[in-house]
Amino acid sequence: MKLFSSVHDVADIHQLVASAISLKQKPYVDEQLGKHKTLGLIFLNPSLRTRLSTQKAALNLGMQVMVMNLDKEGWALETQDGIIMNGTTVEHIREAAGVLGEYCDIIGFRSFPGLVNREEDYSEEIFSKFVKFCGVPVVSLESATRHPLQSLADLITIEELKKTEKPKVVLTWAPHVKPLPQAVANSFAEWMNKADYDFVITHPEGYNLAPEFVGSAIVTNNQDEALAGADFVYVKNWSSYEDYGKMLINDDSWMMTNEKLKLTNNAGVMHCLPVRRGLELSHEILDGPNSLVLNQANNRVWAAQAVLKSILERISLT
Ligand code: CP
């Protein structure tokens, strides 16, 4: 693998999950693989889990790691081509990415969507330009439309805990105070479809995800109906794709509670975090036995380590 930006970059997701679970048992088995190799972690947006889990994964592989919050610590970045830079931007992504590629063997890059121009966000313009101009393998740390390291960790969590071959997995919209990207929901849907689970998406009217991410999932606006018999419930807010970037309604009744959990098959409840307690997810669920949020956070390390290992193995062959 030389690019990890979506499920489409992975030849065999089950092999990648098996690699991650194996690394979880023996974290330091490949500590020579990354010796004298440098990982750069470049953030244009905040992070707790992605930053630290990917850093830990790289350290387990013997890599050196450099982290930069480019939005706060770097020069103001220009991403448009062909313009005269006589405004506030100081450095073009062509040079910035190129320079980072000179210092790093692999780069992780995070860039959220603007949620204003759908076409621009869904073209993944900034992420694609970074990949093109840095010239080294890139791992997405969350782009405008996807969060593949999170989705891989989510898949690992389900594979570890599922009791049937093809569990029922429900992705449910949750309330929030501000419009959030569709990236986590898109990406989760993409990976669940690839895993070929019994996959259902439920949300209020107007919150349809882009068809290419919905894929073969069953979609319903009836949350209770969706939750019936679920083995795993993934809770996440997202803003409207159709009325792009807007919050259409903020119906508190969509919050997942213990009462709703009774409709499920004693489901494990998942959220990528950070989570707004009492708004997206109830305190009782987060503090209760069905919460899998820390399992998911733990698996972020092994997801990142499996991906970095795959890339390092490719680098060592060339
Ligand atoms: N889930 C996740 O990506 O968390 P961070 O934004 O804190 O990295």
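Reading the values: rules and limits
- Residues numbered from 1 in each chain as written.
- Predicted model: local features only at pLDDT ≥ 70, side-chain atom pairs only at ≥ 80, totals over all residues.
- Heavy atoms only, no water.
- Domains from an automatic or database assignment.
- Contact = heavy atoms within 4.5 Å.
- Buried area = accessible area lost by both parts, 1.4 Å probe.
- Salt bridge = Lys/Arg side-chain N within 4 Å of Asp/Glu carboxyl O.
- Near = heavy atom within 4 Å.
- Polar contact = N/O pair within 3.5 Å; in protein donor to acceptor, adjacent residues only side chain to side chain.
- Areas by Shrake-Rupley, 256 points an atom, 1.4 Å probe, with all protein chains shown as cover.
- Nonpolar A, V, L, I, M, F, W, Y, C, P; charged D, E, K, R; others polar.
- Buried < 20%, exposed > 50% of the residue type's maximum accessible area, 1.4 Å probe, protein only.
- Helix = DSSP H or I, 4+ residues; strand = E, 2+ residues; numbered from the N terminus.
- Pairing = 2+ DSSP bridges.

1. Overview of the domain arrangement of the protein chain
Okay, so step 1: You can read the domains of the protein chain as domain 1 (3–146 + 300–317) and domain 2 (150–296).
Okay, so step 2: Domain 1 and domain 2 are separated by 25 Å when their C-alpha centres are compared.
Okay, so step 3: Counting residues at the interface gives 27 residues for domain 1, matched by 31 residues for domain 2.
Okay, so step 4: Broken down residue by residue, the surface that domain 1 buries against domain 2 is led by Leu115, Arg118 and Tyr122, which jointly contribute 27%.
Okay, so step 5: Across the contact surface, domain 1 and domain 2 share 2 salt bridges.

2. Re the site of the ligand
Okay, so step 1: The environment of the ligand is made up of Ser47, Leu48, Arg49, Thr50, Arg110, His147, Gln150, Cys272, Leu273 and Arg300.
Okay, so step 2: Between the ligand and glutamine 150 there is a distance of 3.0 Å, counted from a nitrogen atom to a side-chain nitrogen or oxygen.
Okay, so step 3: Within the complex, 93% of the 250 Å² of free accessible area of the ligand lies under protein.
Okay, so step 4: Classifying every residue of the shell around the ligand by side-chain character gives 3 nonpolar, 4 polar and 3 charged.
Okay, so step 5: Residues from two domains meet in the shell around the ligand; each of domain 1 (3–146 + 300–317) and domain 2 (150–296) gives at least three.

3. Thoughts on the pairing of strand 6 (residues 106–110)
Okay, so step 1: Burial within strand 6 is extensive, with 5 of its 5 residues counted as buried.
Okay, so step 2: Every second residue of strand 6 is oriented toward a common face, with Ile106, Gly108 and Arg110 on one face and Ile107 and Phe109 on the other, all of them buried.
Okay, so step 3: Relative to strand 6, strand 2 (residues 38–43) is paired through 5 bridges, and the arrangement is parallel. Bridging across to strand 6, phenylalanine 43 finds its partner in arginine 110.
Okay, so step 4: Sheet topology places strand 6 next to strand 7 (residues 138–140); 3 bridges connect them, and they run parallel.

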